[in-house]
Amino acid sequence: MSHKSPKDFFAPLAVGAPAPLREIPARPSRAIHFFDPSNPKMAAKVPAMVGTVDVLLGNLEDAVKADNKIAAREGLVEIAKSTDFGPTQLWTRINSLDSPWVLDDLITLVTEIGDKLDVVMVPKVQGPEDIHYVDRLLAQLEAKGGVQRPILIHAILETARGVANVEEIALASPRMQGISLGPADLAADRKMKTTRVGGGHPGYLVRQDPVDGDIHGNRTVFQQDLWHYTIAKMVDACAEAGIYPYYGPFGDITDVVAAEDQFRNAFLLGCVGTWSLHPKQIEIANRVFSPSVEDIKHARRVVKAMGDGTGAVMLDGKMEDDASLKQCLVLVELAEELAAIDPKLKELYDAIEIED
Ligand SMILES: CC(C)(COP(=O)(O)OP(=O)(O)OC[C@H]1O[C@@H](n2cnc3c(N)ncnc32)[C@H](O)[C@@H]1OP(=O)(O)O)[C@@H](O)C(=O)NCCC(=O)NCCSC(=O)C[C@H](O)C(=O)O
Ligand SMILES: [Mg+2]
């Protein structure tokens, strides 16, 4: 149940606050790169990272020691004031809504750097009521700070109740920009028996039937995806609300191969980006969440072959029709958005030739 009627869903929640958006802009966000603003080495790297990553996120929550919470908040204010972010978005992850720090996080960030802050990521969201609270408070603080455009909200899906309520969370406010999977907190809340931050588990598998009844014989096993259901449920809720789904953290920093697998699973399921925890994950995320030249060439060939977009044709021995055309348009439109901000991708996609 929204805290607003359809009539006033897009009305500002505070006098003087900017009017909510009627559509969330599809700004590229292949990698949401986490940095700790209280970590001098990470903070020093931020200016040089502008333009190399779609989103820089100043993290104030988990991974920031309790003693450093105020330093992280003040560090983010300092970084925001002194950095020109160009095409890169600036996000933050505030502390949880029951924490002793979150009110000062929001008051300080919105009134001091509100016009530089694109998105506030809210952890441990349980239901639409959490979004309603942040929605109203942001409006009041935007009015107080004279912020000129609405700050958007991004929810982390990392509690069992949040998963049960994900559709209502996605629809809870016109500020909703997107939702990320948070596999670590979600595993703990569900009492799953994995201690990994994202990715698979060797114990979660299916096994080939025995040959000639020999159950101890050589039977191939197939490791399954622990996160398939949750990511798919999140993608459906986001698609229904017109907002964007993301994969969250992959904690095994050294295993860049498995990180790529997890990112690609999410991309194929409909996610538009992922978190990156370490500089080495940025390149993987940018590559995985940008359609390949082969995929774009095929998609453009289908668009060309389908003419007015109706009916069915055979292309390379496969049926293409109204529906597969829509699938191809998803890739073609994403490529156009990414080419607009990534010159290297633009060059790759512009060089694609389609024979008549
Ligand atoms: C994981 C890390 C602690 C590893 O850091 P470190 O040991 O320093 O790694 P390296 O020696 O390989 O670092 C090489 C250089 O890169 C810099 N660095 C490292 N990480 C970052 C970063 N994120 N941004 C910018 N720069 C970074 C190091 O300073 C080194 O610099 P130099 O010495 O000058 O070469 C660390 O990567 C880290 O803390 N990452 C962020 C972790 C994080 O944000 N965790 C929270 C999000 S996940 C979560 O909360 C779970 C989720 O909510 C859920 O519930 O699922
Ligand atoms: Mg978490």
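Keep in mind that this is a model prediction, so the values were computed, not measured.

A. Layout of the domain arrangement of the protein. Once the domains are mapped, the protein shows domain 1 (6–289) and domain 2 (294–350). Here the C-alpha centre of domain 2 lies 29 Å away from the C-alpha centre of domain 1. Contact residues are listed per partner, giving 6 residues for domain 1 and 6 residues for domain 2. Together domain 1 and domain 2 conceal approximately 530 Å² of surface at their shared face, both sides included; 68% is due to carbon and sulfur atoms. The tally of links from domain 1 across to domain 2 stands at 1 salt bridge. When the shortest N-O distance is used, the salt bridge between D342 and R30 registers 3.3 Å. For the side of domain 1 that touches domain 2, the per-class residue count stands at 4 nonpolar, no polar and 2 charged.

B. The arrangement of the coordination of the magnesium ion (ligand 2) in detail. Only E158 (OE) and D185 (OD) from the protein coordinate the magnesium ion (ligand 2), and they sit 1.9 to 2.1 Å from it. You can see E158 sitting in the loop between strand 5 (152–157) and helix 5 (160–164) and its partner D185 sitting in helix 7 (residues 183–190), a full 27 residues away along the chain. The exposure class assigned to E158 is buried, which follows from its relative accessible area of 4%. On the accessibility criterion, D185 (25% relative accessible area) is partly exposed.

What counts, and where the lines are drawn
- Residues numbered from 1 in each chain as written.
- Chains lettered and ligands numbered in written order.
- Predicted model: local features only at pLDDT ≥ 70, side-chain atom pairs only at ≥ 80, totals over all residues.
- Heavy atoms only, no water.
- Domains from an automatic or database assignment.
- Contact = heavy atoms within 4.5 Å.
- Buried area = accessible area lost by both parts, 1.4 Å probe.
- Salt bridge = Lys/Arg side-chain N within 4 Å of Asp/Glu carboxyl O.
- Nonpolar A, V, L, I, M, F, W, Y, C, P; charged D, E, K, R; others polar.
- Donors = N, O, S within 2.8 Å, 3.2 Å for Na, K, Ca; no water.
- Helix = DSSP H or I, 4+ residues; strand = E, 2+ residues; numbered from the N terminus.
- Buried < 20%, exposed > 50% of the residue type's maximum accessible area, 1.4 Å probe, protein only.

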